[in-house]
Amino acid sequence: MSDIPNIIVLVSGTVDPVNSDLKARSASYQRKKSINDPDWYWQENPALRQTIDEIHKRYTNVHIFTAHGWTGDNGSSNRTIAGTYLANRLCGANGKSAYYKGFLNQEVAFHLIGHSHGGNVINELTAQAAVAWPQRWKIRSITYLSTPFFTKQHHVNTKALHKECKIINVYNKYDLTQRVVADFSLLPFHDAFKRSEFDDFGAQLKKIKFDTRVFEDAVKSTRLKDADPSLWIDLKLLMDPAKGKALYDSCINALNSVKTALAKAREVICALNNVITFDVPVEMTGDAPKNRQIINNDLANRLQAELNKVETSLSPALKAFQARKASGRYPLMGFFDDLNVSSPLRAISKLLQINPKTLSGPLWDLLAQVLEQQIHKFDNTTSSPKAQYAQSPFANRIVDVDITKEDAYAQFHLDANFDNFVGRLEKCEARYASTAARTDLMNLVFTLLANHAPVSTLIAEQGKTVTTIRRTLDWLVIWLKANKYLPSNLMALPTDPGRLFREASGMISIPAVAALAELCAVLETHVGILKERSVGQLEITLRSSPFMQDLPIASGMHVPYKAAEPYPLASSKLEFMPPISYGGLSYFMRVSHSVSRQELYPKVRALLEEQINSLRR
């Protein structure tokens, strides 16, 4: 057996599903990577690197190539450029300096290992290798780690493959990025959302709270009292002063929180509307965009206009609440009058309206347009390369390696819910692939939201809030009728709460009750849409992380991560550290997607070594 040079090439994937950090590249074109570089893509995979190093030491003529890098941006043109550049860089084609200049005139075997879209970069490498590589250079193995295989993009070219080449496909059932998210080739977001302080907006939204118990207590404390301290008698329905004050304090706080959230939303829109200029590697000059807006001028203006309608309605209502609180007297009807000033409830309801069948509404249509503008391409993916190799001699040389059991999530046995969840998403994408209809796109968005833990919590909270408000208004109408403030013979309690509110508001002339009922109905529609798409429990939250060094690992707990090396991780990589909770969108998109590169699993190693034709030491 001749001692043929065998070269293992590591190809990075995208940094994260939505490219949120400009500085966190898969690897840099401009500088060599050292093991201590926190931005190196394979930095947090010591077990995989150790196995490859063992293979290197086991054979006399095995070489490891780790110098290639690309932006990691989630766009097809970036992947094409990266694969073409790598093929040229190795052999010196198209003016590049040949990395393996000494091997140009001899037989060489390549073993390509790519994670995520790194596998698609490999496919683009094969296209360039077919025309640029020396004739005696052949690819003896391709190892795909969680690669999403497109229907239309990045097809493999088998011309540079050795006739005995083996295709190793490593996949994880729980990998949401491979199965769903990767279908969307989003334009590079980079750190746009960080620049816009989008997280601050999310934090501010969480602060918008209204204590419905305070509302219920205040309304039920209403009694007929003399509102005139003089000798004249002025009987009015007044709330208990302490409970009325608590209600007004809660309303004022809620309105102020809404105003602050709206102001933050305006800042986010402005930041995303600004022209963003970001660095482009010299190899991509002229091919990759340097300037871009996340939200174009038209959409930004329309979003600002909708927010302005709500914001304009808040200030008069806020002043009315503050004036009533200063008076120290809290008439029941006065509360609804104050709430109806400039009708903030109707403004919010109008913005949030949604058709449950088409998933269309003022706010959601605008957000859908923002998303549509970011989709560079939509191309349905699969977790297997079989379709791409179907018409080639290598169709029978594909070996699938299922590592689902290596994912810590497998121990919780929630597969029925997960399969239901992904099945729904894949159906949405299949429809969207054939129609490109906005309804299918939004159906996918709402299915994702419905099974996102924070949204699930919000659904539960909003459901309780709406129920309490409805129950309190029911009680109010019944109480008014029982105390003869409403004619008892004109109303029977209907089964439709909305009808009850409409009748009550018409009979006692309090439009705010109808507006409140309308807002409740809008919120209930959202809750219904999300509940319909919820598949039940997906996320498991442990009381404490089993990976913390100062805590014992629970007996029988499967740990998919090896001990981290004492090198710093880039801030963008911290999200890949072992989680405290399992499941949830972030887990499935990031952690489950990275399980395939945590180590070179025994079966994968064995398959790879079968293809090495260098001498053993």
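For the structure, check the block above.
Residue positions are counted from 1 within each chain, in the order its sequence is given. Side-chain atom pairs in this predicted model are given and counted only at pLDDT of 80 or more, local residue features only at pLDDT of at least 70, and totals for whole chains, interfaces and linings cover all residues. Side-chain calculation: all heavy atoms of the structure are included, whereas hydrogens and water are not.

Asks: I'd like a description of the packing of aromatic side chains, backed by residues and values.
Replies: Aromatic rings from Phe, Tyr and Trp, with only the six-membered ring used for Trp, were paired whenever their centres fell within 6.5 Å, and each pair was classed as stacked if the ring planes differed by under 30 degrees, edge-to-face if by over 60, and tilted otherwise. One pass over the full model with this rule turns up 25 aromatic pairs. Residues Phe110 and Trp137 carry aromatic rings whose centres are separated by 5.1 Å and whose planes lie at 50 degrees to one another, so their mutual orientation is tilted. Of this pair, Phe110 sits in strand β3 (residues 108-115) while Trp137 sits in strand β4 (residues 137-145), and the two are 27 residues apart along the sequence. Burial here depends on accessible area, computed with a 1.4 Å probe over protein chains only, as a share of the maximum for the residue type. Under 20% is buried, over 50% is exposed, and the range in between is partly exposed. A residue is classified by how much of its surface remains accessible, and Phe110, at 0% relative accessible area, is buried. Exposure remark for Trp137: the relative accessible area of 1% places this residue in the buried category. Plain terms: the ring middles of Tyr409 and Tyr587 are 6.1 Å apart, the flat faces sit at 45 degrees to each other, and that makes the pair tilted. Linking Tyr409 in the loop between β14 (398-402) and α14 (415-435) with Tyr587 in helix α19 (residues 585-594), this pair joins segments that are 178 residues apart in sequence. Taken individually, Tyr409 and Tyr587 each receive the classification buried, so the pair is uniform in this respect. Aromatic rings pair up to connect Tyr174, Tyr409, Phe412, Phe418, Tyr582, Tyr587 and Phe588 into one cluster. Directly above the ring of Tyr41 sits Arg597, whose terminal nitrogen or CZ lies 4.1 Å from the centroid. Labels follow the DSSP assignment, with helices taken as runs of H or I lasting at least four residues and strands as runs of E lasting at least two, numbered in each case from the N terminus. Here, a charge over a ring means that NZ of Lys or CZ of Arg falls within 6 Å of the ring centre while also lying within 35 degrees of the ring normal.

Asks: Summarise the packing of helix α7 (residues 212-220) against helix α8 (residues 241-273); cite the residues concerned and give the values.
Replies: Each pair of packed helices can be described by the angle between their axes along with the distance between the axes. Their axes nearest at 8 Å, the elements α7 and α8 cross at an angle of 145 degrees. Crossing angle aside, the handedness with which α7 passes α8 is left-handed. Counting all contacts with α7, which are made through Val214, Phe215, Asp217 and Ala218, the residues of α8 involved are Lys243, Gly244, Ala246 and Leu247. When its residues are assigned to classes, the contact of α7 with α8 shows five nonpolar, one polar and two charged. Inter-axis angles, ranging from 0 to 180 degrees, are taken between N-to-C directions of lines fitted to C-alpha atoms, where helices are fitted over the stretch in contact. Each helix crossing is assigned a hand: it is left-handed if the near helix lies turned anticlockwise from the far helix by less than a right angle, otherwise right-handed if that turn is clockwise. Here, residues are in contact when the closest pair of their heavy atoms is within 4.5 Å. For this scheme, ten residues count as nonpolar: Ala, Val, Leu, Ile, Met, Phe, Trp, Tyr, Cys and Pro. Four count as charged, namely Asp, Glu, Lys and Arg, and the remainder, Gly too, count as polar.

Asks: Would you mind going over the nonpolar core in detail, with residue names and values included?
Replies: Core analysis: the largest hydrophobic core is formed by 50 residues, its most contacted members being Phe215, Leu247, Ile295, Phe321, Phe335, Phe336 and Leu473. Elements with a contribution of two residues or more to this core: α7, α8, α9 (297-327), α10 (332-340), α11 (344-352), α12 (362-374), α16 (453-482) and α18 (511-533). Looking at this core element by element, the count peaks at 11 residues for α8. When sequence neighbours within four positions are dropped, the list of residues in contact with Phe335 reads Phe215, Met239, Leu247, Tyr248, Cys251 and Phe321. Within this scheme, the nonpolar core is defined by two criteria: the residues are buried Ala, Val, Leu, Ile, Met, Phe, Trp, Tyr or Cys, and they are joined through side-chain atoms within 4.5 Å. Counting residues in each nonpolar core, the second largest holds 34 residues, with Trp70, Ala93, Tyr144 and Ile398 among its members.

Asks: Tell me about the sheet that holds strand β2 (residues 62-65), and please be specific about residues and values.
Replies: The pairing of strands in a sheet comes from backbone hydrogen bonds and takes either a parallel or an antiparallel form. For two strands to count as paired, DSSP must find a minimum of two bridges between them. With parallel pairing, the six strands of this open sheet are ordered in space as β2-β1-β3-β4-β6-β14. For this open sheet the edge positions go to β2 and β14, each flanked by a neighbour on one side alone. Between one strand axis and the next, the sheet turns through 15 degrees on average, direction left out of account. Pairing of strand β1 (residues 6-11) with β3, which is carried by six bridges, proceeds in the parallel orientation. When the bridges of β3 are listed, Leu10 appears paired with Ile113. Helix α1 (residues 46-58) contacts β1, β2, β3 and β4 of the sheet and is inclined by roughly 150 degrees relative to β2. The sheet contacts of helix α20 (residues 602-611) involve β1, β3, β4, β6 (161-171) and β14, and relative to β6 the element is tilted by about 175 degrees.

Asks: Break down the pattern of salt bridges for me, with residues and values.
Replies: Throughout this description, the term salt bridge denotes a Lys or Arg side-chain nitrogen within 4 Å of a carboxyl oxygen of Asp or Glu. For the coordinates displayed, the defined rule picks out 24 salt bridges. Lys325 is the salt-bridge partner of Asp249, the closest N and O atoms lying 2.6 Å from each other. Taken together, the residues Asp249 in helix α8 and Lys325 in helix α9 connect sequence positions 76 residues apart. Classification of Lys325 by relative accessible area gives partly exposed; the value is 32%.

Asks: Kindly report on α1, identifying the contributing residues and their values.
Replies: By definition here, a helix of n residues has an expected span of 1.5 Å times n minus one. Across its 13 residues, α1 extends 18 Å between first and last C-alpha, which sits within 8% of the 18 Å expected from 1.5 Å per residue. Considered for burial, the residues of α1 that qualify are Pro46, Ala47, Leu48, Arg49, Thr51, Ile52 and Ile55. In this fold, the buried residues of α1 make contact with β1, β2, β3, β4 and α20.

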